[in-house]
Amino acid sequence: MTLPSQPFQVNLHAVVELLSTHIYSHPSVFLRELIQNARDAIMTSIEQGTLAPDDALIRITPVGPESSELVVTDNGAGMYREDMAELLSTVGQSSKRDIFDLPRTDRLGQFGIGLLSCFMVSDEIIVETRPAAGGEASRWVGRSDGTFTLEPLEGTSGAGIKVGTRVRLTPRPESRELTMYARVWELATLYAEFLPVTLEVCGPRGTERFVNRTPFFTRHLSPSVLPSETGTLEEGSIEDLHAWALERDLEHLAEYGAELLGAPPLDMIDISVPETGTRGTAFVLPASPSPGAKQTTRAYMGGLLVSESLPDLLPEWAFFVRVVLDSTGLTPTASRENFVNDEALAVTKRAIASSLRAWILSLAENDPRGLQRFLAIHDLALRSLAVHDAELARIVLPHFTFETNQGRMLVSEIVAANPRVRYAETTEEFRQLAGVIPSDQIVVNAGYVYEKDLMRMLGEALPSASANPITLGDVIAQFGAVLGADAEGAERVRALAETALFGLDCDVQVRAFTPEDVPALYVVDPNVLRSMELKRLEESTSGFWGDLMREVTAAPSPEQASETSEPDLPTLATLVLNWSSSLVKMLAGIDTDDQVVASRTLRLMYVQAMLAGHNPLRPADRAILNESLSDMLALSTNLMRRDISVEDFLEPGDGHES
Ligand SMILES: Nc1ncnc2c1ncn2[C@@H]1O[C@H](COP(=O)(O)OP(=O)(O)OP(=O)(O)O)[C@@H](O)[C@H]1O
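Residues numbered from 1 in each chain as written. Predicted model: local features only at pLDDT ≥ 70, side-chain atom pairs only at ≥ 80, totals over all residues. Heavy atoms only, no water.

**Section: the overall build of the chain**
The following threshold applies: Numbering goes from the N terminus for both helices and strands, where a helix is a DSSP run of H or I of at least four residues and a strand is a run of E of at least two. Any residue under 20% of the maximum accessible area for its type is buried, any over 50% is exposed, and the rest in between are partly exposed; the area is computed with a 1.4 Å probe on protein chains only.
A count of helices and strands for the chain gives 20 helices and 22 strands. In the chain, buried positions account for 45% of the 658 residues.

This is the structure:
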């Protein structure tokens, strides 16, 4: 025997609890749901020809001294009594779906739960309505205990009910504030200021205020209605009038942007995605946002607010704009506070990204000064975009500036000076290189974020140019060896220096190079530099951090591990003494008696070379700096008094042990 089917029962309390704690972010959304129902009913009437668009009106009367009820009235389609029980008392029932039960894009509602949000602020919802197509007025009263009544409003009781619908709520004490004038005005403006239906809020003492503003952010490239007060038009003046209207729209748009950003936007970018009925404006920030800041989007659906701050609608790199948009083709989530992450949203996101990109491209091609203004504020954003976008890189790369040994230069200037661009991959290497590269040659510092990648793209982006890394090792390899009659002197200085730098893990070479006023170069492999920095920290840090540092420095990297297995560990650093420097030549001719002076001079040259290359000084380096300076001071003062001898200063490593 088959048992008869039975309908599910709905526990209304549990549903309202679910709505308020898991779906809606705040009880105040009840007002947005009522405005949305009123707007949809008005759209139905306009569509059916029973209401002229200019006569459409939503009126909100807040709770106040004269009334303990909040009333939302519309002059839309209303409802027939026969439909009311099903539409209003059935959770999930909506009239806003098409014959295939799909949401209608011209209606904002679709889930059939919005009215229930009123139970978040009131225990009773009264809906009084009269259908626009003709018929009796009716009253439906729904209660939070899950019961409802439905009655006809005949004779005098229905006389005050005009075509349309009014919803009456008596708020619970804790929700009263949400239904009073100040808050209602604030919420109505927030949700509906761009609603294309007139919305008025009745203020104290019968005053009325309209919340509506024109959504200029959706229409700035198509002029809004032409002024009606212009009277008859002269021949040929229609274009002027369009230009005037467009300019006025742009002014309003800029004003809105300034309100949104707190300062006039640097520029405004039109967003248009016809496939998803999305239109809007991206306002370019007039100041650089804090690092890592992600801009959120203010989104509307049919003029009703979805969210003031939607994340994830913009690409990662677009932290230089704040977007405001309106969509009729995206699907809202049940809370109506976000969009469903579907294909339509993906299409919209891609289109927004390409509009921003197209704006940058057109700036680069048509308005180089505008691009420079933009770069002065949002340089990093554009670099981060260009490294992933070869086509964009081709257009914008010449406009980027890079640090070079000749100061900051535009890429176009660098390439014009020499299309075979050479760049240092780290800032440390650049600083060392900058000291020795002949001044008529350019070396670029590509050590900052994105710059190495951009340099690597240069050859592809600008076919006439090429870019290759250059290391200090490359430059030093080209330095001339010291030959012939000078070879002996050079070897002497090298031996002196090796002795003076004993124990400092530093090899010594003597080469001839320019500039002559650089007596020595301290050359170090970047990996070695890193371990030196760790060692310095380790030596100067005690306790937990010191132990941690020691652990870090003790654990060899895979490369180091393979290196240590080799019998000869490469020398850590090299001091390259410059045979072209008169100071170095002087050291070659120094008297044996003055070897202490030579030793301290070489140690000072070593520290000076380290500092010139922006290398970190370890405690041992600082110690020899201080010792050498005090020795030099003592030598020069005491020797002049002739009351001490050089032997007093000799120490192991000074070459006088024997
Ligand atoms: N002001 C109104 N005028 C005419 N019909 C209304 C009005 N308010 C509600 N209705 C009817 O009641 C139904 C249920 O409304 P409800 O707000 O619960 O859901 P919805 O608007 O259809 O969908 P959503 O949950 O997405 O808002 C609507 O589909 C509509 O038919």
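**Side note on the confidence of the model for the chain**
The condition is simple: Per residue, pLDDT measures the predictor's confidence, with a range of 0 to 100. In what follows, residue pairs with any heavy atoms lying within 4.5 Å of each other are defined as contacts.
Mean pLDDT over the chain stands at 84; residues scoring 70 or higher make up 84%. Note on residues 222-233: pLDDT under 50 across the span, and 22 contacts to partners over four residues away in sequence or across chains. Confidence over residues 556-570 falls short of pLDDT 50; this stretch has three contacts with residues more than four positions distant or in other chains. Reported for the predicted complex are a pTM of 0.72 and an ipTM of 0.98.

**Side note on the sheet that holds strand E16 (residues 420-424)**
Going by this rule: Each pair of strands is called paired provided DSSP finds at least two bridges between the two strands. Where helices are involved, their axes are fitted lines through C-alpha atoms of the stretch in contact, as for all axes, and angles between N-to-C directions lie from 0 to 180°.
Read across the open sheet, the five strands follow the order E15-E14-E17-E16-E18; overall the sheet is mixed. Bordering the open sheet on either side are strand E15 (407-410) and strand E18 (466-469), each of which pairs with just one other strand. For this sheet the average axis-to-axis angle between neighbouring strands, irrespective of direction, equals 45°. By the bridge criterion, three bridges tie E16 to strand E17 (residues 443-445) in an arrangement that is parallel. Among the inter-strand pairings, Ala 424 is bridged to a residue of E17, identified as Asn 445. Docked against the sheet, helix H12 (residues 451-461) engages strand E14 (401-404), E15, E16, E17 and E18, running at close to 165° with respect to E16.

**Topic: the sheet that holds strand E11 (residues 297-301)**
Sheet architecture is open: five strands sit in the order E9-E10-E13-E11-E12, paired in mixed fashion. In the strand order of this sheet, the two ends are held by strand E9 (267-273) and strand E12 (304-310), each with one partner. Neighbouring strand axes in the sheet, compared pairwise and without regard to direction, differ in orientation by 15° on average. Running over the sheet, helix H7 (residues 343-366) touches E9, strand E10 (278-284) and strand E13 (321-327) and is turned about 145° from E9.

**Some words on the packing of H7 against helix H8 (residues 368-386)**
Each pair of packed helices can be described by the angle between their axes along with the distance between the axes. Stated formally: For classification purposes, angles smaller than 35 degrees are called roughly parallel, those larger than 145 roughly antiparallel, those between 65 and 115 roughly perpendicular, and all remaining angles oblique. Working rule for handedness: look at the near helix, and if it is turned counterclockwise from the far one by less than a right angle, call the crossing left-handed; if clockwise, right-handed. Amino acids are sorted into nonpolar (Ala, Val, Leu, Ile, Met, Phe, Trp, Tyr, Cys and Pro), charged (Asp, Glu, Lys and Arg) and polar (every other residue, Gly among them).
Two numbers describe how H7 lies on H8: the axes approach to 10 Å, and their chain directions differ by 140°. Judged by the angle between their axes, H7 and H8 are oblique. Judged by the twist between their axes, the crossing of H7 over H8 is left-handed. In this structure, H7 uses Trp 359, Ile 360, Leu 363, Ala 364 and Asn 366 to contact H8, whose residues at the interface are Pro 368, Gly 370, Leu 371, Phe 374, Leu 382 and Leu 385. Of the residues assigned to the contact of H7 with H8, the class counts are nine nonpolar, two polar and no charged.

**So, the packing of aromatic side chains**
Any two aromatic rings considered together are summarised by their centre-to-centre distance and by the angle between their planes. Which entries qualify depends on this criterion: Stacked, edge-to-face and tilted labels apply to pairs of Phe, Tyr and Trp rings (six-membered ring for Trp) whose centres lie within 6.5 Å, assigned for plane angles under 30 degrees, over 60, and everything in between, in that order. Two thresholds decide whether a charge sits over a ring: the Lys NZ or Arg CZ must be within 6 Å of the ring centre and within 35 degrees of the ring normal.
Under the counting rule described, the total for this entry stands at 12 aromatic pairs. Both rings, one in Phe 194 and one in Tyr 300, keep their centres 5.3 Å apart while their planes meet at 85°; by these two values the pair is edge-to-face. Pair noted here: Phe 194 is in the loop between helix H5 (181-192) and strand E7 (198-202) and Tyr 300 is in strand E11, with a separation of 106 residues, a long-range link. Owing to a relative accessible area of 3%, Phe 194 belongs among the buried residues under this scheme. Ring plane angle 25° and centroid distance 5.7 Å describe the contact between Phe 217 and Tyr 256, whose orientation is recorded as stacked. Taken together, the residues span a long stretch of sequence, with Phe 217 in the loop between strand E8 (208-210) and helix H6 (238-261) and Tyr 256 in helix H6 at a distance of 39 residues. Among the aromatic residues, those joined into a ring-pair cluster are Phe 194, Phe 217, Tyr 256, Phe 283 and Tyr 300. Note that Arg 209 overlies the ring of Trp 185, its terminal NZ or CZ placed 3.7 Å from the centroid. Taking the ring centre of Phe 400 as reference, the NZ or CZ of Arg 383 above it sits at 4.8 Å.

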